[in-house]
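Below, each chain spelled out in residue letters.
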Amino acid sequence: MKKISYITIVWKIFITALVAAPLWILLDCAAMLLSSVCYAFSTVVKQWLFDTITEVVAGKTTYSALLFVSLCVVLFQIGNELLNAVCNFTWSPAMKSIVGKLKQKIHRKIAKIPGNLFEDVRILECIEKAGMGADKCYSLYNSVATILLFYLPYFLVLGIYLWKLKPILILALFFVFLPLTINLFLRQKIFEKQLDETVPLQREKDYYETELFSRETCKENRLYGSFSFFFNKYTSVNNLYCETKWKAAKRAGIVDFGMRSLTLAGYFGILLLLLYLMLDGSISVGAFAAVFSSITTLISFMNDAIGNHLGALFEQIPLLKKYLEFFELPEEPLDSEEIGWNEKIEVRHVSFSYPGTEKKVLEDISFEIKKGETIALVGENGAGKSTLVRILSGVLRPDEGEVLVDGTNLFSICQEERFRYVSAIFQQFIHYQMTLRENVEISATDFDFDKMRQCLEKSELLLDERFQNGYDTMLTSEFGGIELSGGQWQRVALARGLYKDNKMILLDEPTSAIDPIEEGILYRKFQNMIRGKMGILVTHRLGSVKIADRVLVLKEGKIVEQGSHEELMNNQGHYANLYREQEKWY
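A brief look at the structure comes next. The structure presented is a predicted model; accordingly, all values stated were derived computationally and were not measured.

### Observations concerning the sheet that holds strand 4 (residues 400-405)
Right, so step 1: Taken in spatial order, the four strands line up as 2-1-4-5 in an open sheet, and their pairing is antiparallel. Looking at strand neighbours, the two that pair on one side only are strand 2 (362-370) and strand 5 (408-409), the edges of this open sheet.
Right, so step 2: Bridge count between strand 4 and strand 5: two bridges; the pairing is antiparallel. Across the sheet, the residue bridging to Leu404 is Asn409, located in strand 5.

### Quick look at the packing of helix 1 (residues 6-20) against helix 2 (residues 22-58)
Right, so step 1: Across the interface, helix 1 lies against helix 2 with an axial gap of 5 Å and an inter-helix angle of 115°. By the angle between their directions, the pair helix 1 and helix 2 is classed as roughly perpendicular. Where helix 1 abuts helix 2, its residues Ala17, Leu18, Val19 and Ala20 lie against Pro22, Ile25 and Leu26.
Right, so step 2: Residues that form the contact of helix 1 with helix 2 fall into these classes: seven nonpolar, no polar and no charged.

### Let's talk about the sheet that holds strand 10 (residues 558-563)
Right, so step 1: Read from one edge to the other, the open sheet built from six strands follows the order 6-7-8-3-9-10, with strand pairing classed as mixed. Each end of this open sheet is capped by a strand with a single partner; those strands are strand 6 (422-425) and strand 10. Adjacent strand axes in the sheet meet at a mean angle of 15° when their direction is disregarded.
Right, so step 2: Two strands pair when backbone bridges link them, and strand 3 (residues 374-379) and strand 9 (residues 550-555) are joined in this way by five bridges, in the parallel orientation. When the bridges of strand 9 are listed, Val378 appears paired with Val553.
Right, so step 3: Seen against the sheet, helix 13 (residues 486-499) touches strand 6 and strand 7 (504-508) and runs at an angle of roughly 175° to strand 6.

### Examining helix 1
Right, so step 1: An ideal rise of 1.5 Å per residue puts 21 Å on 15 residues; helix 1 measures up with 21 Å between its terminal C-alpha atoms.
Right, so step 2: Within helix 1 the residues assigned to the buried category are Ile9, Val10, Ile13, Phe14, Thr16, Ala17 and Ala20. Viewed end-on, helix 1 has its buried residues packed into an arc of 160°, placing them on one side of the element. Of the exposed residues in helix 1, the ones pointing more than 90 degrees away from its buried face are Ile7, Trp11 and Val19.

### What about helix 2?
Right, so step 1: Compared with the 54 Å implied by 1.5 Å per residue over 37 residues, the 54 Å span of helix 2 between its first and last C-alpha is a close match.
Right, so step 2: Taken as a whole, helix 2 carries its principal kink of about 30° at Ser42.
Right, so step 3: Note on helix 2: the residue one or two positions beyond its end, Gly59, has a positive phi of about 80°.

### Examining the packing of aromatic side chains
The relative placement of two aromatic rings is captured by the distance of their centres and the angle of their planes.
Right, so step 1: In this structure the tally under the stated criterion is 13 aromatic pairs.
Right, so step 2: Here the aromatic rings of Phe150 and Tyr151 are separated by 5.0 Å at their centres, their planes lie at 85°, and the arrangement is edge-to-face.
Right, so step 3: Look at Phe150 and you get buried, because its relative accessible area is 10%.
Right, so step 4: In this structure Tyr151 comes out as buried when scored by relative accessible area, which is 5%.
Right, so step 5: Measuring from centroid to centroid gives 5.4 Å for Phe449 and Tyr471, while their planes differ by 50°, and the two rings are tilted.

Rules behind the numbers
Residues numbered from 1 in each chain as written. Predicted model: local features only at pLDDT ≥ 70, side-chain atom pairs only at ≥ 80, totals over all residues. Heavy atoms only, no water. Pairing = 2+ DSSP bridges. Helix = DSSP H or I, 4+ residues; strand = E, 2+ residues; numbered from the N terminus. Axes fitted to C-alpha atoms, helices over the stretch in contact; angles between N-to-C directions. Parallel < 35°, antiparallel > 145°, perpendicular 65-115°, else oblique. Contact = heavy atoms within 4.5 Å. Nonpolar A, V, L, I, M, F, W, Y, C, P; charged D, E, K, R; others polar. Expected span 1.5 Å × (residues − 1). Buried < 20%, exposed > 50% of the residue type's maximum accessible area, 1.4 Å probe, protein only. Arc of directions from axis to C-beta. Bend = angle between axes of the 7 residues up to and from the residue. Phe/Tyr/Trp six-rings, centres within 6.5 Å; stacked < 30°, edge-to-face > 60°.

So, in structure tokens, the structure goes:
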């Protein structure tokens, strides 16, 4: 990932926020600018009021003039408060609009990232930081807009006023500005280092917290009494997380105390300078009163601009940098030619290793699948079967070799074409907490009642009396629906795979939650489902592979045997040994 300068980060995020919610941003910016000018001119208005009061006391003007000036000051303050109200109103809808649209942008980007990158923990951390960065984008916009459109015009107008009043008074701005700026840069370095240290700890902490309290782990945690185990793990990493945060906060606090002490010294210096100029006759009593009453506002604004807004800006930049870096991640091709999946798939010398490891999960794998043919992948755990299925489905890109579909490299085409005619049911399929209809038709744009019924019949899912709303029955008790057994969920997943228009079906342990008798019935039906298509079956129950035209036997990432069930049994090799070991249990 290339380096991104701070100015580039600020500019890109500001433009991103503007594009996300232009009307709200423009209204907010206009209100801030007008409010800034009002605050700046309030010092001039105060001097006008104080000078008028002095003249009334000295008998140089009338009470009616004082009344007029007072009325102008009141109207001025009312206008200022109205502008503040507009600023306070606009921030909430602007923030929600910006954050919502940026999260959508992240989701669209994630959908374009090659599947291999999700196997790299660094990419997962990058995605997590990008999500955190999206939450901070409005804060950056708000900080930049407030500094440029509120505080900068205020300091500019006030600086011109002080310069015209007495040039030496401009030093007031410098004495306040310098310590706060030094404080900002030192704190930014501290918090940037702390962020890199705490994000991995945050992920680990969140994982243990999920294991402690999630619905899915509740039964097993109670059964094994593992609450204490996870609680100790959580406590340990949480203590380390808090310790890291505390060290950074402590260092930042010491720096902050020192710099604020210098700011306080500057405040007393300004006060002494004002007294000297008034007693010397260089400025009027009204000017002294106006500037003196504005010093607190000046220091407060300077502290807020540098210590809070500019400080928050620099603290947020590391996350926002990750947000922008996230969008630099490689993407799948957007457009490509169509492939029909009409002839065959050729796997040529495919090898694959997961990120962070040197061991090859697959090594020099070559075979082909013709239209109308079904192959079975078998082997012991860790042989590489599921990885090979994920490559064939187009999810994982091989490190070496290629997968050709009708002569076209599968990974040279866009995701839409790659997955258009592929259905897959993996071991860890998703239980969507939605209705039965939505679970099955999730890959289609239009609902087909007859097709839905056929797919559910083929997958052997019986809609009993519990399905009171038929296809619109909610499949979770959390939303007032019903709970399904593991086998029923497996059938829903099968129906989902069949509902999608497909020319190749991948089944990775599709019947792990179904008993052997039902499995035999289902596989005989499955044999009819994939007739005329390409089918790939992964199973540990070797009795099921008899429906396959050909069996590929994997061992330590390599194909050690292939052929029909009868041929492999006659060879008396690795497959025959695996089959006989299972046969003993039936």
